[in-house]
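Fold and contact review
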Amino acid sequence: MDYKKAGVDIEAGYKSVELMKEHVKKTMREEVLGGLGGFSGAFSLAKIKEMEEPVLLSGTDGCGTKVKLAIILDKHDTIGIDAVAMCVNDIACAGGEPLFFLDYIACGKNYPEKIASIVKGVAEGCLQSEAALIGGETAEHPGLMPEEDYDLAGFAVGVCDKKDMITGENLKAGDVLIGMASSGVHSNGFSLVRQVFEMTRESLETYYDQLGATLGETLLAPTRIYVKALKSIKAAGITVKACSHITGGGFYENVPRMLKDGVKAVIQKDSYPIPPIFTLMAKKGDIAEQMMYNTYNMGIGMIVAVDAADVEKTMEAIKAAGDTPYVIGKIEAGEKGVELC
């Protein structure tokens, strides 16, 4: 008896590392010390000394059951972007700059080419967010997971000068809410998605005219990363008073998290185009509108609140970063919460 006969292939693990090295190297920042393969990832904090009061920010998350679609379609090169996005977007909406990222892949069986494809996506997410991929772990779990299955999660660390943190404490009535377009469903609510649509390769490869793509292509579209957009706003000299990453819980759970007591967010539902995947899902699954807005981003992945005088400048900064902004509402005096009208 040996480890391989028990279900763990150490040689496959070595091959996975070799195949992923080329992708990981592309994400390196000058602060990274050492290379891939050490027992820990090392990152110099020398530049942080230039800040008045540096604050470390962290985020950890996964892709949920969206991974199941990647497995069914045998397409694994974008799911890693989702894992990075879910972590770095949270850091960015607190005013932070993501510094580095670590991933964790649990699999039933280590197929080196598949693992390398997953990490390729992770590296792409790191490039988009300008974070270094400084480490990770691939764990083979025979007997715990089916051989074809895997799960992916990640952890990110960022930094912000305390004076630049986005806290919502200076929000006031009259401030304007600007939403940034999502790329679709992102990485939340897939347990419901999987009840609405049949989860077979044939179903996912079905082309829908209203989507302009197959169902699988639409659903697997990677989560939009908003790090560069928020950096662009900051570089333009604009103060973001509050910010919300629209993830699980949709508008109803996430928007109130950006508010202080005594103010509410009023959002106009017709102020931006809702991606057709949400309309299709609501109709096919007979899902009430309130539930849709309480589960999905409905086409808006990030919301910032700025002073009314900064709206045009903010819109231009977001566009310059490659994102699409919409004025979607405003802040009013009232009980803390969100109103959709």
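Residues numbered from 1 in each chain as written. Predicted model: local features only at pLDDT ≥ 70, side-chain atom pairs only at ≥ 80, totals over all residues. Heavy atoms only, no water.

Description of the nonpolar core
Residues Phe-197, Phe-251, Met-281 and Ile-303 are the most contacted members of the largest nonpolar core, which totals 95 residues. Once residues within four sequence positions are removed from consideration, Phe-251 is found in contact with Ile-246, Pro-256, Ile-267, Tyr-272, Tyr-293, Tyr-296, Asn-297, Met-298, Ile-300, Ile-303, Val-338 and Leu-340. (Core = buried A, V, L, I, M, F, W, Y, C linked by side-chain atoms within 4.5 Å. Buried < 20%, exposed > 50% of the residue type's maximum accessible area, 1.4 Å probe, protein only. Contact = heavy atoms within 4.5 Å.)

As for the packing of aromatic side chains
Per the counting criterion, the structure on display carries four aromatic pairs. With a centroid separation of 5.1 Å and 45° between ring planes, the pair formed by Phe-43 and Phe-100 is classed as tilted. With a gap of 57 residues between them, Phe-43 in strand E2 (residues 42-43) and Phe-100 in strand E4 (residues 97-107) connect regions that are remote in the sequence. Considered together, Phe-43 and Phe-100 belong to a single accessibility category, that of buried residues. Taking the centre distance of 6.2 Å and the plane angle of 40° together, the rings of Tyr-272 and Tyr-326 count as tilted. (Phe/Tyr/Trp six-rings, centres within 6.5 Å; stacked < 30°, edge-to-face > 60°. Helix = DSSP H or I, 4+ residues; strand = E, 2+ residues; numbered from the N terminus.)

Points about the UniProt feature "domain: PurM-like C-terminal" (unreviewed entry) in the protein chain
As recorded in UniProt, the sites labelled "domain: PurM-like C-terminal" (unreviewed entry) are residues 172-337. Taken as a whole, residues 172-337 contains 34% helix and 22% strand, while its terminal C-alpha atoms sit 14 Å from one another. (UniProt positions renumbered as here; feature names shortened; annotations may be inferred.)

Digging into the pattern of salt bridges
Considering all chains together, one arrives at 22 salt bridges under this definition. The shortest N-O distance in the salt bridge between Lys-75 and Asp-77 comes to 2.7 Å. Relative accessible area serves as the criterion here: at 36%, Lys-75 is assigned to the partly exposed category. Taking relative accessible area as the criterion, Asp-77 reaches 29% and is therefore assigned partly exposed. (Salt bridge = Lys/Arg side-chain N within 4 Å of Asp/Glu carboxyl O.)

Topic: the side chain of Thr-314
Mapped onto the fold, Thr-314 is located in helix H12 (residues 311-320). Look at Thr-314 and you get buried, because its relative accessible area is 0%.

Brief notes about the UniProt feature "domain: PurM-like N-terminal" (unreviewed entry) in the protein chain
In the numbering adopted here, UniProt assigns the feature "domain: PurM-like N-terminal" (unreviewed entry) to residues 55-159. Between the C-alpha atoms that bound residues 55-159 the distance is 6 Å, and the span itself is 38% helix and 36% strand.

A closer look at the environment of Ala-139
The topology assignment puts Ala-139 in strand E5 (residues 132-140). Residue classification places Ala-139 among the buried residues on the basis of a relative accessible area of 9%. On a C-alpha basis, the gap between Ala-139 and Leu-99 in space is 24 Å, while along the polypeptide they are 40 residues apart.

Some details on helix H4 (residues 112-129)
Spanning 18 residues, H4 covers 26 Å between terminal C-alpha atoms, matching the ideal 26 Å at 1.5 Å per step. Within the span of H4, buried status applies to Pro-112, Lys-114, Ile-115, Ala-116, Ile-118, Val-119, Gly-121, Val-122, Ala-123, Gly-125, Cys-126 and Ser-129. Immediately downstream of H4, the backbone of Glu-130 shows phi near 60°, a positive value. (Expected span 1.5 Å × (residues − 1).)

Looking at the sheet that holds strand E7 (residues 176-181)
Spatially, E10-E12-E7-E13-E11-E14 is the arrangement adopted by the six strands of the open sheet, whose pairing is mixed. Because the sheet does not close on itself, it has two edges, and the strands there are strand E10 (242-245) and strand E14 (337-340). In this sheet, adjacent strand axes meet at a mean angle of 25° when their direction is disregarded. With four bridges joining them, E10 and strand E12 (residues 300-306) adopt antiparallel strand pairing. Bridging from a neighbouring strand, Ala-242 pairs with Ala-305 of E12. Contacting E7, E10 and E12, helix H8 (residues 227-235) crosses the sheet at an angle of about 140° to E7. (Pairing = 2+ DSSP bridges. Axes fitted to C-alpha atoms, helices over the stretch in contact; angles between N-to-C directions.)

Thoughts on H8
Residues of H8 that are buried include every one of Val-227, Ala-229, Leu-230, Ser-232 and Ile-233, and no others. Note on H8: the residue one or two positions beyond its end, Gly-237, has a positive phi of about 80°.

Regarding the sheet that holds strand E3 (residues 54-62)
Strand order in the open sheet made by the four strands is E3-E6-E4-E5, with mixed pairing throughout. Of all the strands in the sheet, the pair left with one neighbour each is E3 and E5. When the angles between neighbouring strand axes are averaged without regard to direction, this sheet yields 15°. Alignment of E4 against E5, held across eight bridges, turns out to be parallel. What sits directly across from Asp-103, in E5, is Gly-136.

Structural notes on the state of the cysteines
This structure, assessed with the given rule, holds zero disulfides. Cys-87 takes part in no disulfide bond, and the closest cysteine sulfur to it belongs to Cys-63, at a distance of 8.7 Å. (Disulfide = S-S within 2.5 Å.)

Considerations on the environment of Tyr-226
Tracing the sequence through the fold places Tyr-226 in the loop between helix H7 (215-220) and H8. Look at Tyr-226 and you get buried, because its relative accessible area is 0%. As for Tyr-226 and Gly-96, which are separated by 130 residues in sequence, their C-alpha atoms are 12 Å apart. Discounting residues that sit within four places of it in the chain, Tyr-226 has contacts with Asn-89, Met-180, Ala-181, Ser-182, His-186, Gly-301, Met-302 and Asp-323.

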